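Per-entry structural report
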Amino acid sequence: MIKKHRAFLKWAGGKFKLVDELSKHLPEGQRLVEPFVGAGSVFLNTDYEEYLLCDINQDLINLYQIVQQKPQAYINAVKALFVPEMNQKEAYYKIREQFNLSRDPFERSVFFLYLNRHGFNGLCRYNRNGGFNVPFGSYKKPYFPEQEILHFSQKAQKATFKCISYEAAFDLAVDGDVIYCDPPYAPLSTTASFTTYAGPGFSLDDQALLARYSRQSAHKRNIPVLISNHDIPLTRELYRGAKLATIAVQRNISQKGSSRNKVDEIMALYDHHYFDENDN
């Protein structure tokens, strides 16, 4: 069995558990383009010759570029924060404040991993002024992902990272590329609010626009697109015309986890081969 590689960041909606199933739906190509790279589990567990990895979160992209270029200097700097005296509420809020005041990409990248591993649920959330506002997580001993950082750095030699919108990422795709989209998921109810990972939230209009971009990319440019999302009536409607598959998400049996909504994942593949056969 091929060893699966974990991302070095904790990430809401990370694809580590689903990547084996998800990979079966990814077409072959020269380069994988990800407009929403997140923690990078799909990048880490697929084998394309090249990658274009994009996200609108500048902190995330800066961090990846630093890990790509100088992993050891980065590891040495951030390791110093993974000590018992830094795993305290006061220390956490002090670092969070320093992070929000800092304009230095290297320093912010060091603080970013510390906040990611010490903050509540590994969330990445900013307020309207761009301030990181995730509370302290109270973990016994936050894990320092040294091997994961080194592996990411090694694999990142095949990658280009860009801080751009999903629309701009689509515009950069060329013949021979495959696009994989893992957008912020559609809300399970109209009252559910979107989690803002960076900047303005991802609206229902964005969900519909992403579907249109994907359709046009496959139809007019012969660039296949795979999108993952919640399997709900809304997404089935949005992705009409795509080849749809469902990945069953494991249920939490324990009492604690049963309050969390678990919804299957939908995989929507826009591919010109599929269109040719199914267009009337």
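Scroll up a little and you will see the structure.
This report concerns the structure included in the present document.

Criteria and cut-off values
All residue numbers refer to position in the chain's written sequence, counted from 1. Per-residue local features of the predicted model are confined to residues with pLDDT of at least 70, and side-chain atom pairs are confined, for both listing and counting, to 80 or more; whole-chain, interface and lining totals are unaffected and use all residues. With hydrogens and water set aside, each side-chain value is computed from the structure's full complement of heavy atoms. In this text, helices come from DSSP runs of H or I with a minimum length of four residues, and strands from runs of E with a minimum of two, each type numbered from the N-terminal end. The cut-offs for exposure are 20% and 50% of the maximum accessible area for each residue type, with area from a 1.4 Å probe on protein chains only; residues under the lower value are buried, those over the upper are exposed, and the others partly exposed. Any pair of nitrogen or oxygen atoms within 3.5 Å is treated as a polar contact; in protein, a donor-acceptor pairing is required on top of that, and neighbouring residues in sequence qualify only through side-chain atoms on both sides. Any two residues having at least one pair of non-hydrogen atoms within 4.5 Å are treated as being in contact. The span one expects for a helix is its residue count, reduced by one, times 1.5 Å. Strands pair, by our definition, only if DSSP identifies at least two bridges between them.

Turning our eyes to something else, we now look at the side chain of Gln68. Take Gln68: it is sitting in helix α3 (residues 58-69). Relative accessible area serves as the criterion here: at 15%, Gln68 is assigned to the buried category. Polar side-chain contacts of Gln68 include one of 2.8 Å to the backbone oxygen of Ala159. Setting aside residues no more than four positions away along its own chain, Gln68 makes contact with Ser153, Ala156, Gln157, Ala159 and Phe161.

Another aspect to go through is α3. Each turn of an α-helix holds 3.6 residues, which means side chains three or four residues apart point in the same direction. Between the first and last C-alpha of α3 there are 17 Å, a value that for twelve residues agrees with the 16 Å anticipated at 1.5 Å per step. For α3, the tally of buried residues reaches nine of twelve residues, placing the bulk of the element in the interior. All of the buried residues in α3 are Asp59, Leu60, Ile61, Asn62, Leu63, Tyr64, Ile66, Val67 and Gln68. Taking the backbone nitrogen of Asp59 as reference, a side-chain oxygen 2.9 Å away marks Asn57 as the first, capping residue of α3.

Moving on: the pairing of strand β1 (residues 31-34). Side chains of β1 alternate between two faces, with Arg31 and Val33 and Leu32 and Glu34 buried alike. Pairing of β1 with strand β2 (residues 50-55), which is carried by four bridges, proceeds in the parallel orientation. By the bridge assignment for β2, Arg31 is matched with Glu50. Here β1 pairs with strand β4 (residues 177-181) via three bridges, running parallel.

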